[in-house]
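# Structural overview
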Amino acid sequence: MPGLVLFGRRWAIGSDDFVLPGAFELFVRLVWIGIFVLYTVHKGQFNCPGGGLLHSYLLGLIILLASIICALSALVYVSMQGTISNPGPRKSLPKILYTRLLLYFPEFIWAVVGAVWVSDNSVQCEKTVVNGVIGTVIASWIIIVFTVIGVVIVFDPLGGKRTFYLPDGVSRNLESSQSGQLLYNVKSSATRVWEKRIRLLCCCIVQDDDHRVAFTSIAELFRNYFSDTDLVPSDIAAGLILLHQEQDKMENCSKEPEEVLCHSPSSLVTDDLDVELENAAHFMLFAAAAYGWPYYVYTNPYTALCKLNGDCCRNRPTDSDITGSDRHNFHFGSILKITGLQYRDFVHISFHNKIYEIPFFVALDHKKEAIVVAVRGTLSFEDILTDLSADCEDLTLEEVLENGFVHKGITQAANYIYRKLINDGILNQAFTIAPEYKLVIVGHSLGGGTASILAIMLRNSFPTLRCYAFSPPGGLLSKSLADYTKHFIVSVIVGKDLVARLSMPNMEDLKRRIVRIVANCNRPKYQILLRGCWYEVFGGDPDDFPTELDGRNQDALTQPLLAEESLMVHRSPSYNALEEEPHLNSPPQYPHLYLPGKIIHIVEESTSSCFTSNIKYTARWSNETVFSSILISPKMITDHMPDVVLKALNSLSQEHGSCLSCQTREYNPSAV
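For the protein chain, an unreviewed UniProt entry supplies the name Diacylglycerol lipase-beta and the organism Catharus ustulatus. You can read under Sequence similarities (unreviewed entry) in the UniProt record for the protein chain the words "Belongs to the AB hydrolase superfamily. Lipase family." The record held by UniProt for the protein chain lists under Subcellular location (unreviewed entry) the comment "Cell membrane".

### Digging into the environment of Ala619
Looking at the element boundaries, Ala619 is found in strand β13 (residues 613-622). Assessed through its relative accessible area of 17%, Ala619 is described here as buried. Spatially, the C-alpha atoms of Ala619 and Asp274 are 9.1 Å apart, while their sequence positions differ by 345 residues. For Ala619, the residues in contact, after removing those within four places along its chain, are Leu273, Leu277, Ile600, His601, Ile602 and Leu652.

### Notes on the UniProt feature "transmembrane region" (unreviewed entry) in the protein chain
Using the residue numbers shown here, the UniProt feature "transmembrane region" (unreviewed entry) corresponds to residues 18-42, 54-80, 101-118 and 130-155. Secondary structure over residues 101-118 splits into 94% helix and 0% strand, and the C-alpha atoms at its two ends are 26 Å apart. As annotated, residues 130-155 has a helix share of 96% and a strand share of 0%, and its two end C-alpha atoms lie 38 Å apart.

### Some remarks on the side chain of Ser445
Checked against the element boundaries, Ser445 lands in the loop between β9 (438-444) and α17 (446-458). Of the residues examined, Ser445 reaches a relative accessible area of 8% and is grouped as buried. With residues up to four places along the chain from it excluded, the contact list for Ser445 reads Tyr291, Thr378, Phe470, Ser471, Pro472, Pro473, Val499 and His640.

### A short note on the pattern of salt bridges
Where charged atoms from two side chains of opposite charge come close, those side chains can pair. Enumeration over the complete set of coordinates arrives at 20 salt bridges. A salt bridge links Lys525 to Asp17; the nearest nitrogen and oxygen atoms lie 2.8 Å apart. Of this pair, Lys525 sits in helix α20 (residues 525-538) while Asp17 sits in the loop between β2 (9-10) and α1 (19-31), placing them 508 residues apart in sequence. Take Lys525 and Asp17: they sit in the same class, and that class is buried. One salt bridge in this structure joins Arg466 and Glu276, with 2.7 Å as the shortest N-O distance. Here Arg466 is found in strand β10 (residues 466-470), whereas its partner Glu276 is found in helix α10 (residues 268-289), with 190 residues between them in sequence. Here Arg466 matches Glu276 in class, with each residue buried. Connected through salt bridges with shared partners, the residues Asp16, Asp17, Arg90, Asp235 and Lys525 form a single ionic network.

Analysis parameters
- Throughout this document, residue positions are counted from 1 along each chain, in the order its sequence is written.
- In view of the model being predicted, local features appear only for residues whose pLDDT reaches at least 70, and side-chain atom pairs are presented and counted only at 80 or more, with totals across whole chains, interfaces and linings using the full set of residues.
- Heavy atoms from the whole structure form the basis of all side-chain values; hydrogens and water molecules are not counted.
- UniProt positions are given in the numbering used here, feature names are shortened, and annotations may be inferred rather than shown by experiment.
- Working definition: helices are DSSP H or I runs of at least four residues, strands are E runs of at least two. Numbering for both runs from the N terminus.
- For every residue, the accessible area (1.4 Å probe, protein chains only) is compared with the maximum for its type, and the residue is labelled buried under 20%, exposed over 50%, or partly exposed between those bounds.
- Two residues qualify as a contact provided that any one of their heavy atoms is within 4.5 Å of a heavy atom in the partner residue.
- Whenever a carboxyl oxygen of Asp or Glu lies within 4 Å of a side-chain nitrogen of Lys or Arg, that contact is scored as a salt bridge.

Below is the structure:
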């Protein structure tokens, strides 16, 4: 860190990243000391056919292993020096690495020689010697193959662009034609590389004009985000580990006023919260059911296939309008079992899935007397592309004064469902069947964000509609639209859910926090990674974070540090040395987008022992500012999963029901 420069190009690996892999290879090489023992024991006993070649092979192998062990020892030792932001003590590492790489040529030749000797049927030496050589040859080829794979992984397609270097004699004035052309070339090259990566990941899906536009848009988004830092993947991992431990140390501090909303059991706020929690627990079933058979199998791994197999041969119901592919009726069968509804309760079901076009269904919920529109969350590559189309666009609606910015990809998905519901007459058909029912729109994750924007679009036509957005993306609505939706949308967030805090300003903030903490820490990276892994797996007390800034005035932390500047492409062979990206204290380049509606934040409070674990959830009304920063936690992904959200809501709903039963028995007049 910064990225290692080798063979005239930058690589996605730092000079301090060779400690752990080098130590592992060193351990493997030291095990081969048995080769020396084998040679010593059989010295002078190579009179068997092929023994002369074996004698030369073992002698050369011992010399080669000794050279490799010396090079690896030096490589590991030098890589252990310095810190992430201070690579000075490791300046000799490229020379050692060149030496180690040169040793791969004789090792490759020796592996070929050993393979030829082993495959020679005329060789009739002792079985122990033959087996030892076979093991050596296999191990050599495994190490060579893994080395090639490692080189491919750390290869940086942009590292060889000479335009990424800024010579001392070149002016940094971007107004000049030379600098302008150079800047354009850099941007174009980076965008093309990211676009190729995305196309490769999405090679299994049919690509049309919408996909190509999305690929370019997402590529520009990634290029902008990664263009101003010189971080390698291991630096990011170390930064996340440090941030997690720092965050755990601060959790016992006093919380912000908007983060804790205390209320008595008899308050109107609590009554409203309990009602919304009960409704949310009910409608979360519909949001989860929209995922179809993958969710049903995931939550019932042992019995789901047997239960679904009984329904797969049934004919599709003619009462419901079903579009899209549902081979063997697995999706619809899963929806029926999760929701507990009947065939006749479904008005329309769409399994059609393309970019900006996501599955949904419309059903009659007789228990709540509601027409439910349930939108599916992310489950395919097309859905991921919709998520990543995170540009902002204006949402213009008639008779709605609170127009503002919205997430582009999710808005296009909402437009698709809106056209289907209105233009195809699906809602008219539903209200013809049940005219007295109210409209409720639900969804989880991507489905929650789509449901929220869809609710805004339908609000004027259906003033009494309600929307329940479970774990929606954080970067969804501008402040004016978020405030407007508080009257009819309820968002439910569990714990430290990453997606609910995911927005471009929050990602920029996370990047700056990572840069700051790795720049300030004075520990070697390998120590951070090892202690961090121990902490994540076995727990314990957070680390003490000794930094080079200990004893300095805290006000100094508001200014960019030299180490931080070195990580923010300060004359480094980074992705974009010319681009005028903001540094640590520059104003944000992305508009702030927020969660929709009123927010219910559910927090897990668990008490566990060696034999038992008691998990209890608490819920409170929260504020969008609480989700203005990404929290690092092992549960930041699992807290987003639909089964976890449903479990938390069911737990709170059951707890509320049991409390009502207790109060009824306590104040029963007949018992007095």
